[in-house]
Amino acid sequence: MNNKQLAELFKAVSAALEVKGEDKFKIKAYDEVASAIEHSSSEVKDLWDDGQLQEIPGVGASIAGHLDELFRKGKVAHFESIFRGLPPAMFELLNVPGIGPKTAFKLCQELRIKDPKTALLKLEKAAKQGKIRLEDRMLLPFAWELAEKIITYLQKKHPKDRIDPLGSLRRKTATVGDIDLAVATKNAKEVIEDFLHCPGIKEVVVSGKNTARVIHQNGRQIDLKTMEPGAYGALLQHFTGSKQHNIHLREIAQKKGLSLSEYGIKKGKKISKYATEEAFYRALGMEWIPPELREDSGEIEAAQNTKLPQLVELGAIKGDLHLHSNFPIETSHDEGSSSIETLMEKGKKLGYEYLGFSEHNPSFSKHSQKQIIDILKRKKETIDKINYSRGKKLLIHAFNGLEIDIKPDGRLAIPEEGFKFLDFAIASVHSSFKMNRQAMTKRVLKALQHPKIKIFGHPTGRKLGEREGYELDWEQVFSFCQKRNIWLEINAWPNRLDLTDVLVHEAVKNGVKMIICTDSHQVDHMDLMEYGVAVARRGWATKNDIMNTMSYNQFIKALKGGE
DNA sequence: GCCGTTTTCGGCCCGACTGTTTTCAGTCG
C-alpha cells in the first residue's frame, strides 16, 4: 500500500467516524494523519520497516499499532468495525465539492447507491442536469496564465494597488482548483467594478462591497477579495494556506494567547493589523515563509529557527537539457517542430549558456542498427557544425544528447556503438508501465548504469489527469543516483511536473542532484521552465541541488566527471 | 486519538457561506 492509498484509507476512516457521530477530535486526529501521509516525503511502508512510524506527525501509539497491523495482515480489524454498516460507495462521493461525510452517507441511502464504481454516475443522473460539478482541477501553467491575464488587466487600471494570486495557485501546486485573487486597495468599489468587466468574464455570480465572484468563459470560477492596504498581510496569508499550514500557525498563536484570522491577530478583544505577510509572520516569531513551502512539512519549525532554505530561482537557470528539435531523427515518438537554430536563439534570449538537444532515439524496430548509427552520426555532425560556426566567442553551447527509451528488460534502445556520438543521454520509461515495484526498479537501475546516461527523465512517469506513475523503490533509486551521480529530471511539462514536489524534497534530503528541463517540442515550450522551478522550490531545493544552475564551465566538468 | 518548558489531563483553528431543520449543522478554504 503506497502513501496515496494510505491517505485515502485514513480519510475514509475519518469520514466514517464522522457519520457515526464519534468524538470530533478523534475525527480530526485521523484527518490530520491522512494529510501528513499525503505530504510525507518518505513512504510510510519504509518507515514501518525501520520502526519509525511515530516520526509521522500525528501518529501516536494507537495509530502506529493500526498501521503495523495493516502492513502485517493487509487489513485492520478496528477499521473494519468502523466501516461496518456504511456503504462503500459513500467514500467515492467525498470528492464532490459540497459533499462531506454526512451528506455522502445520506445520499447513498436515499438514492440507493451501492456500487462504488458507478456511484458518481448515479449521483450525476440523480442530480438532474449538471448541478453537481465533479472536481476537475486545472494544470498549474494554464491556471497561472489565466490569472496573469486578469492581474495584468487590473494592474494597468490600478497601478498603485498590489495584486496577488491566492491559494494553491500562489503555492504553485501542480493542479489548481478555482482561481482566487487578492487586491490591496483603498478603492475596493472601483477595483471590483473593473474586475467584473475584465475581458473573458462570462457571468457575475456575486458582487459585494469587498469581494466578487465571476465565471470565466472557459467555465472557471474566479474570486476576488479586496482589503485595505494596512491589513493586507493577514488576508494574503490566510487565503494562501495551505489549510494544514494555517492550522499549525493558529495552534502556535493560541499558545501565545493570540488568535489568527484573515483580519489580523487578536489578543483579547484588541486586533492588530499587518500590511505585509513579513510583519504578520514576524509577529508570530518567525521568518516570512515562501508560499511554495506552506504545506506544514517542517517549514514552520525552520522559520522559527531561521533555517529556511534559500530556494532556487528561475533566474539561476543556465541551460535546458531536454529539447526536441525537428532534426529528422526518425523516432517512433513525437518529434519536435522547431529547428535547432531557432531553439538556440531562444536559449540566448533566456540568458542560458548551454542547451542540450535530446530528441527521442530513432525507432528501434523500423531501422537496422547501421541506420540508427548513421542517424546519430549525422546529428552529431549537425551539432558540431553549429558549435563550430559560432566561432570561439561562443555565446551559447549546444550539447548533443538523446532521450533513450528504457526497454522492459532494462536495456537501452540504441546500439552500444551509437553512444560514442553523444555528449550525454537521458533515460526514460515510455512503455510497459504496469510492472511491479521490484521489477521496475531493477529495470530502471540497469539502464542508469550506462556511463553516458546522466539523467533519469520524468522519473515517476505520471501524467496528471491521465495516469498514475509506475512504482519504484525510491530508497534504492535515491541511493543509486547519489552514489553514481545520476541526476533526476524535474520535467516542467504541464501534465508531468515530474519528479513530484514531495519526491524532490526526499531527493534533497538524500543528497541527490536534480536538473530542471522543459521537454520542449516547440520553441515556445522553453518558457515552461518556471513551472519546473516551482516544483523544485516546493521540494525545498536550493541552487546547489539543481545541476543546470551551473555555469557552462562547471557544467561541462560535471558531465564528464561521471564517466 | 494526539500531545506537552504553563498541562500525562484537558485541551484540540477560524470565520464565512449555504440552505432551509429560523438558530444551526455541514462544508469549505
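In every chain, residue numbers begin from 1 and rise along the written sequence. Chain A is the first chain written and ligand 1 is the first ligand written, with later ones labelled in order. Local features in this predicted model are restricted to residues whose pLDDT is 70 or higher, and side-chain atom pairs enter the listing and the counts only when it is 80 or higher, whereas totals over whole chains, interfaces and linings include all residues. To obtain the side-chain values, all non-hydrogen atoms of the structure were included, while hydrogens and water were left out.

1. Thoughts on the domain arrangement of chain A
Domain start and stop positions are those given by an automatic or database domain assignment. Here the domain parsing of chain A yields domain 1 (3-128), domain 2 (138-227), domain 3 (232-304) and domain 4 (314-559). Domain 1 and domain 3 are separated by 29 Å when their C-alpha centres are compared. The interface is formed by 5 residues belonging to domain 1 together with 5 residues belonging to domain 3. Here the quantity called buried area is the total loss of accessible area, with a 1.4 Å probe, experienced by two parts when brought into contact, counted for both. At the boundary of domain 1 with domain 3, total buried surface from both sides reaches about 340 Å², with 40% on carbon and sulfur atoms. Counting the surface domain 1 buries against domain 3, the share from its top three residues, Glu32, Ser35 and His39, is 76%. For this document, the term salt bridge refers to a Lys or Arg side-chain nitrogen within 4 Å of an Asp or Glu carboxyl oxygen. For the pair domain 1 and domain 3, the interface holds 1 salt bridge. In this structure, Lys28 engages Glu251 in a salt bridge whose closest nitrogen and oxygen atoms are separated by 3.9 Å. What qualifies as a polar contact is a pair of N or O atoms within 3.5 Å, subject to a donor-acceptor requirement within protein and to the restriction that residues adjacent in sequence count only when both atoms come from side chains. Applying the counting criterion to the domain 1 and domain 3 interface returns 0 residue pairs in polar contact (both at pLDDT 80 or more). Looking at the side of domain 1 that touches domain 3, its residues break down into no nonpolar, 2 polar and 3 charged. In what follows, residue pairs with any heavy atoms lying within 4.5 Å of each other are defined as contacts. When residues are grouped by polarity, Ala, Val, Leu, Ile, Met, Phe, Trp, Tyr, Cys and Pro land in nonpolar, Asp, Glu, Lys and Arg in charged, and all others, Gly among them, in polar.

2. Remarks on the protein's contact with DNA strand B
Residues are labelled near a given molecule or strand when at least one of their non-hydrogen atoms is within 4 Å of it. Taken together, 33 residues form the shell around DNA strand B, and within it Gly60, Gly98, Thr103, Arg250 and Glu251 come nearest. Protein-proximal atoms of DNA strand B, defined as those within 4 Å of the protein, fall in sugar or phosphate at a share of 71%. Lys28 is positioned such that a nitrogen or oxygen atom in its side chain is 3.2 Å from a phosphate oxygen of DNA strand B. Starting at the N terminus, helices and strands are each numbered in turn, a helix being any DSSP run of H or I of at least four residues and a strand any DSSP run of E of at least two. The dominant element in the surface near DNA strand B, judged by the number of residues it contributes, is helix 13 (residues 243-255), at 6 residues. For the surface near DNA strand B, the per-class residue count stands at 13 nonpolar, 11 polar and 9 charged.

3. Observations regarding the layout of surface pockets
Using a grid of 1 Å spacing that covers the protein atoms alone, one calls a set of points a cavity when a 1.4 Å probe fits there but cannot get out, and a pocket when the set is open and has protein on both sides within 12 Å along at least five of seven lines; lining residues are those with an atom within 4 Å of a point. Grid points are joined across faces, edges and corners, and a volume is the space filled by probe spheres set on the points. Roughly 280 Å³ of internal volume is contained in the second largest pocket. Every residue lining the second largest pocket is counted, 14 residues in all, and those nearest its centre are Asp334, His360, Lys463, Arg496 and His521. Residues belonging to the lining of the second largest pocket are distributed by class as follows: 3 nonpolar, 5 polar and 6 charged.

4. Focus on the packing of aromatic side chains
Here a pair means two rings of Phe, Tyr or Trp (six-membered ring of Trp) with centres within 6.5 Å. Their orientation is stacked below 30 degrees between planes, edge-to-face above 60, and tilted elsewhere. This model, assessed by the stated rule, comprises 14 aromatic pairs. Taken together, a centroid distance of 5.5 Å and an interplanar angle of 80 degrees make the contact between Phe83 and Phe91 edge-to-face. Taken together, Tyr354, Phe399, Trp487, Tyr552 and Phe555 form an aromatic cluster joined through their ring pairs. A positively charged side chain is recorded as over a ring if its NZ (Lys) or CZ (Arg) lies within 6 Å of the ring centre. The angle to the ring normal must also be within 35 degrees. Directly above the ring of Phe433 sits Arg467, whose terminal nitrogen or CZ lies 4.0 Å from the centroid.

5. A look at helix 19 (residues 474-484)
Any residue under 20% of the maximum accessible area for its type is buried, any over 50% is exposed, and the rest in between are partly exposed; the area is computed with a 1.4 Å probe on protein chains only. For helix 19, the complete set of buried residues consists of Trp474, Val477, Phe478, Phe480 and Cys481. Projected down its long axis, helix 19 carries its buried residues within an arc of 165 degrees, all on one side. Packing partners of the buried residues in helix 19 comprise helix 18 (437-448), strand 17 (487-491) and helix 20 (501-509). A distance of 3.2 Å separates the backbone nitrogen of Glu475 from a side-chain oxygen at the start of helix 19, and that oxygen is part of Asp473. The positive-phi residue at the C-terminal boundary of helix 19 is Asn485, with phi of around 55 degrees. By definition, the arc is the one covered by directions from the helix axis to the C-beta atoms.

6. Quick look at helix 20
Residues of helix 20 that are buried include every one of Leu503, Val504, His505, Glu506, Ala507 and Val508, and no others. Its buried side turned inward, helix 20 meets helix 19, strand 17, strand 18 (514-517) and helix 21 (529-538). Once helix 20 ends, the next one or two residues include Gly511, with phi positive near 70 degrees.

7. A short note on the environment of Ala534
Take Ala534: it is sitting in helix 21. Judged by relative accessible area, Ala534 falls into the buried class, the value being 1%. Put simply, Ala534 and Ala174 are 360 residues apart on the chain and 8.9 Å apart in space, counted from C-alpha to C-alpha. Beyond its immediate stretch of four places on either side in the chain, Ala534 contacts Lys172 and Glu292.

8. So, the sheet that holds strand 8 (residues 259-261)
The antiparallel open sheet is built from 3 strands, whose spatial order is 8-9-10. Of all the strands in the sheet, just strand 8 and strand 10 (270-272) have a single pairing partner and so form its edges. If you compare each strand with its neighbour and ignore which way they point, the axes differ by 30 degrees on average. Should DSSP find at least two bridges between two strands, the strands are regarded as paired. Every axis in this analysis is a line fitted to C-alpha atoms, fitted for helices over the stretch in contact. Angles between the N-to-C directions lie between 0 and 180 degrees.

9. Notes on the pattern of salt bridges
Counted under the stated rule, the structure contains 24 salt bridges. The salt bridge involving Glu277 is made with Arg170; its shortest N-O contact spans 2.9 Å. Remark: Arg170 occurs in helix 10 (residues 167-171) and Glu277 occurs in helix 14 (residues 277-283); sequence separation between them is 107 residues. Here Arg538 makes a salt bridge to Glu295, at a shortest N to O gap of 3.1 Å. Of this pair, Arg538 sits in helix 21 while Glu295 sits in the loop between helix 14 and helix 15 (299-304), placing them 243 residues apart in sequence. The buried category is assigned to Arg538, whose relative accessible area is 10%. Look at the salt bridges and you will find they share partners, linking Arg171, Glu295, Asp501 and Arg538 into a network.

10. So, empty space enclosed by the protein
Applying the stated rule across the entire model yields 1 cavity of 30 Å³ or more. Counted as a void, the largest cavity has a volume near 40 Å³. Along its surface, the largest cavity is lined by Gln237, His238, Asn246, Leu249, Arg250, Leu260, Ser261, Glu262 and Phe280. The set of elements that each furnish at least two residues to the lining of the largest cavity consists of helix 12 (232-240), helix 13 and strand 8. Ranked by residue count, the leading element in the lining of the largest cavity is helix 13, at 3 residues. When grouped by side-chain class, the residues that make up the lining of the largest cavity number 3 nonpolar, 4 polar and 2 charged.

11. Remarks on the sheet that holds strand 11 (residues 319-323)
Strand pairing in a sheet takes place through backbone hydrogen bonds and is either antiparallel or parallel in direction. A sheet is described by the order of its strands in space; here 3 strands give the open sequence 11-12-13, paired in parallel fashion. Looking at strand neighbours, the two that pair on one side only are strand 11 and strand 13 (397-400), the edges of this open sheet. Taking each pair of neighbouring strands and ignoring which way they run, the sheet shows an average axis angle of 20 degrees. Pairing of strand 11 with strand 12 (residues 354-357) involves 3 bridges; the strand directions are parallel. Within strand 12, the position partnered with Gly319 by the bridge is Tyr354. On the sheet, helix 17 (residues 369-389) packs against strand 12 and strand 13 and is oriented at approximately 165 degrees with respect to strand 13. The sheet strands contacting helix 22 (residues 552-561) are strand 11, strand 12 and strand 13, and the helix crosses strand 13 at an angle near 15 degrees.

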